[in-house]
Amino acid sequence: MEMPIIVLAASFALFLWMNVPVAYAMGISTTLAFLLLGLPAATAVAHNIATGIDSFTLLAIPFFVLSGLLMERGGIARRLIDFANVLVGRFKGGLALVNIMTCMLFGSISGSAAAAVSSIGGFMIPLMNKKGYDRDFNTSVTITAATTGLLIPPSNVMIVYSLATGGMVSIAAMFIAGVFPGILVGVGLMIVSSIISIKHNYGKGEGVEFAGAVKRFFYAIPALLLVVIVIGGILAGWFTATEGSAVAVAWSFILAVFLYREVKISDLPKILLQCGVTTSIVFMLIGTSMAMSWVFAAQNVPQNISEALLGLTNNKIIILLLINIILLIVGCFMDMTPAVLIFTPIFLPIVQGLGVEPLHFGIIMIMNLCIGLCTPPVGTCLFLGCGIGQTTVTNVMRKIIPFYISMIITLLICTYTEGFSMWLPKILKLITD
Amino acid sequence: MLRQIKKTLDKILETVVIVCMALLVLDVLWEVFTRQVLDNPSKRTEELATFLLMWVALLGAAVALGLGGHLGIDYFVGKISKGKRTFIEIIVFLLIFLFAGYVMFYGGIDLVTSTFMLGQVSPAWQIKMGYVYLAVPVSGFFMVIYSFLGMCERIKSFYNGESS
């Protein structure tokens, strides 16, 4: 391997260990590599950051963040919890099922796993504790279920993947391809939580009589309508993904401020600021990832990895398995956005050569990296969830293993069954054969 | 003194980010309206949106640094003694300081001047692209200040920690 790459990798690992914010760690390591290559490092990295942000497509990201924030504070999560309770509350371990179901519904309207952990976990974990469910079990359920939101559209990381493929895959196709895999992950988690609930004899949720059920259903409709308007509008070609995200902001604003009346106009500057800050963190990651990816490409890293992998075997099943294992390890140490931007250009050409659709590979990659969100040492959902559940990573680790296993099994099923991701986009004619 | 400076800076930057973010939402909603209802979309709204995004994202990054909001991994550092941890934090701020100064500020100015020299102009608004990229060095400038302040604070607590 070339010297610049070794320096880049070693310094990056050191910086991560030192708790340098990830975007800066990538930026500094990349700058060092540029210097070793004898290139004008400062200008090149600054240029990569500026051009990385300069894109109309990426504009959907701040808007989905903003609508997620409005929903989080607008009491939408609670209406969805009530609604999910009607559907699955009466079974054994019902509250765990309600928790997972709400995460899936919330994911289908917000697209941020962190927002799901805080707004659903903040309500469900204390409630489940009170009903005698184990605290670490409750936290594990919330952490893992929240990731389904990244597969069920809309989803910011899918926009990033579409960017990483250079537009080879459309955002609309990615959104639709994620629907079944997302539901499948949710169902897998429900099965695991039911088995554990039966074993520990956790109680049933409250039954809801018919009149109450109808009322709760109607309260949740405006929230659920959002996904119909936004995804329907994008599919029907009424608006682009970016415009759809702006419509999502408008709709969640109306719900949170006028209909459910939980957000005041005077709260808006604070929400806008938080959105600006969250957005900037994502965009700094995008900018520095692109610079790092440029160095890799200039040093032929993708070709070298490709040759190494294909030198082992050219069996599609084994290569996909190897890539999945590499990505699982990467996901433990890296946040999702940089992982997608850096590893898509490396792995996509390999699997395409073996006849895997770019759309299908995008879903595999995102499903895989979702597991990384729940694992130490870098797991946004894990740490957020432990904070909200008022427990520690070590305690949660004992209870979360069955959920990891369920997610990995679902990942493997989806990896080797292209139909789960490809069927719906094909029917809707979002891709041509 | 230091705290007063930081407070004033925070206020200015936060206001700019909030205003840009609000304009961004209105701008894209206006675009949807002109396309759907008036059936007369304007290239200008799209371009304005990318300009605003550039400024929101970059100035927001400076605000995030001021708030200590960027994602890092405190898994390993959390296991070290407090004195050593403060020492590492000082180095972290120094690294960010160098990055912000060299890449964001110095590199950003280089980017802006070379864009001005090429005379690149945006298609719809006819704005010189140099003004759009100006967000990079401006953000870098604020990052330099914030990382410097962060470093000072840690150094102070490092010495206080040693003596007490």
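Keep in mind that what you see is a predicted model, and the values were worked out from it rather than measured. (Residues numbered from 1 in each chain as written. Chains lettered and ligands numbered in written order. Predicted model: local features only at pLDDT ≥ 70, side-chain atom pairs only at ≥ 80, totals over all residues. Heavy atoms only, no water.)

On to the overall build of chain B. For chain B, the helix and strand inventory stands at five helices and zero strands. Reading the helices (α) and strands (β) of chain B from amino to carboxyl end gives α-α-α-α-α. Taken over C-alpha atoms, the radius of gyration comes to 20 Å for chain B, far larger than the 15 Å a tight globule of 164 residues would show. Evaluated residue by residue, chain B yields a buried proportion of 45% over its 164 residues. (Helix = DSSP H or I, 4+ residues; strand = E, 2+ residues; numbered from the N terminus. Rg over C-alpha atoms; globule rule 2.2 N^0.38 Å. Buried < 20%, exposed > 50% of the residue type's maximum accessible area, 1.4 Å probe, protein only.)

Tallying the contact residues gives 55 residues for chain A and 55 residues for chain B. Buried surface at the junction of chain A and chain B, both sides included, amounts to about 4900 Å², of which 81% is carbon and sulfur. Contact with chain B buries area across many residues of chain A, yet Trp17, Tyr24 and Phe56 of chain A alone supply 13% of it, more than any other trio. Our count for the chain A to chain B interface comes out at one salt bridge. Across the pair Glu243 of chain A and Arg35 of chain B runs a salt bridge, and its minimum N-O distance is 2.9 Å. Joining chain A to chain B, the criterion identifies five residue pairs in polar contact (both at pLDDT 80 or more). Of the residues assigned to the side of chain A that touches chain B, the class counts are 41 nonpolar, eleven polar and three charged. (Contact = heavy atoms within 4.5 Å. Buried area = accessible area lost by both parts, 1.4 Å probe. Salt bridge = Lys/Arg side-chain N within 4 Å of Asp/Glu carboxyl O. Polar contact = N/O pair within 3.5 Å; in protein donor to acceptor, adjacent residues only side chain to side chain. Nonpolar A, V, L, I, M, F, W, Y, C, P; charged D, E, K, R; others polar.)

So, about the confidence of the model for chain A. Averaged over all residues, the pLDDT of chain A is 90; the fraction at 70 or higher stands at 98%. Within chain A, the element-level pLDDT minimum falls on helix α12 (residues 210-236) of chain A, averaging 85, and the maximum on helix α18 (residues 358-372) of chain A, averaging 96. (pLDDT = per-residue confidence, 0-100.)

Another aspect to go through is a nonpolar patch on the surface. All names here are of chain A. A contiguous nonpolar patch, built from Phe180, Ile183, Val187, Ile191, Ile195, Leu235, Trp423, Ile427 and Leu428 and spanning about 790 Å² of accessible area, is present on the exposed surface. Only α11 (179-200) and α21 (419-427) provide two or more residues apiece to the nonpolar patch. Counting residues per element, the nonpolar patch draws most heavily on α11, at five residues. Within the secondary structure, Ile195 is located in helix α11. By relative accessible area, Ile195 is classed as exposed at 53%. (Patch = residues over 30% accessible without salt bridge, like charges linked within 9 Å, V, L, I, M, F, W, Y side chains within 5 Å. Areas by Shrake-Rupley, 256 points an atom, 1.4 Å probe, with all protein chains shown as cover.)

With that out of the way, let us pick up the nonpolar core. Formed by 208 residues in total, the largest nonpolar core has its most connected members in Ile61, Phe63, Phe137, Phe343, Phe347 and Phe361 of chain A together with Met143 of chain B. The greatest single-element share of this core, amounting to 16 residues, is contributed by helix α14 (residues 268-298) of chain A. Setting aside residues up to four positions removed in sequence, Phe347 of chain A forms contacts with Ile305, Leu309, Ile323, Ile326, Leu327 and Phe361 of chain A. (Core = buried A, V, L, I, M, F, W, Y, C linked by side-chain atoms within 4.5 Å.)

The next thing to look at is helix α13 (residues 241-259) of chain A. Taking 1.5 Å of rise per residue, 19 residues should cover 27 Å, and α13 of chain A covers 25 Å from first to last C-alpha, within 8% of that figure. Just downstream of α13 of chain A, Arg261 of chain A is the residue with a positive phi angle, here 55°. (Expected span 1.5 Å × (residues − 1).)

Glancing now at the packing of aromatic side chains. Each aromatic ring pair is specified by the distance between its two centres and by the angle formed by the two planes. All names here are of chain A. Applying the stated criterion to the full structure yields 19 aromatic pairs over all chains. For the pair Phe253 and Phe258, a centre-to-centre distance of 5.9 Å together with 85° between the ring planes defines the contact as edge-to-face. Three or more aromatic residues link up through ring pairs in this structure, and these residues are Tyr133, Phe137, Tyr202 and Phe403. Against the face of Tyr260 rests Arg79, its NZ or CZ located 4.0 Å from the ring centre. The ring of Phe91 carries Arg90 above its face, with NZ or CZ at 5.8 Å from the centroid. (Phe/Tyr/Trp six-rings, centres within 6.5 Å; stacked < 30°, edge-to-face > 60°. Lys NZ or Arg CZ within 6 Å of the ring centre and 35° of its normal.)

Moving on, we come to the pattern of salt bridges. Here the structure, examined in full by the defined rule, presents eight salt bridges over all chains. A salt bridge links Lys399 of chain A to Asp134 of chain A, with the nearest nitrogen and oxygen atoms 3.9 Å apart. Of this pair, Lys399 of chain A sits in helix α20 (residues 393-416) while Asp134 of chain A sits in the loop between α7 (113-130) and α8 (135-146), and the two are 265 residues apart along the sequence. Between Arg154 of chain B and Glu153 of chain B there is a salt bridge whose closest N-O contact spans 3.9 Å. Residue Arg154 of chain B is classed as partly exposed on the basis of its relative accessible area of 22%. Bridged by salt links that share partners, the residues Arg78, Arg79 and Glu262 of chain A form one connected network.

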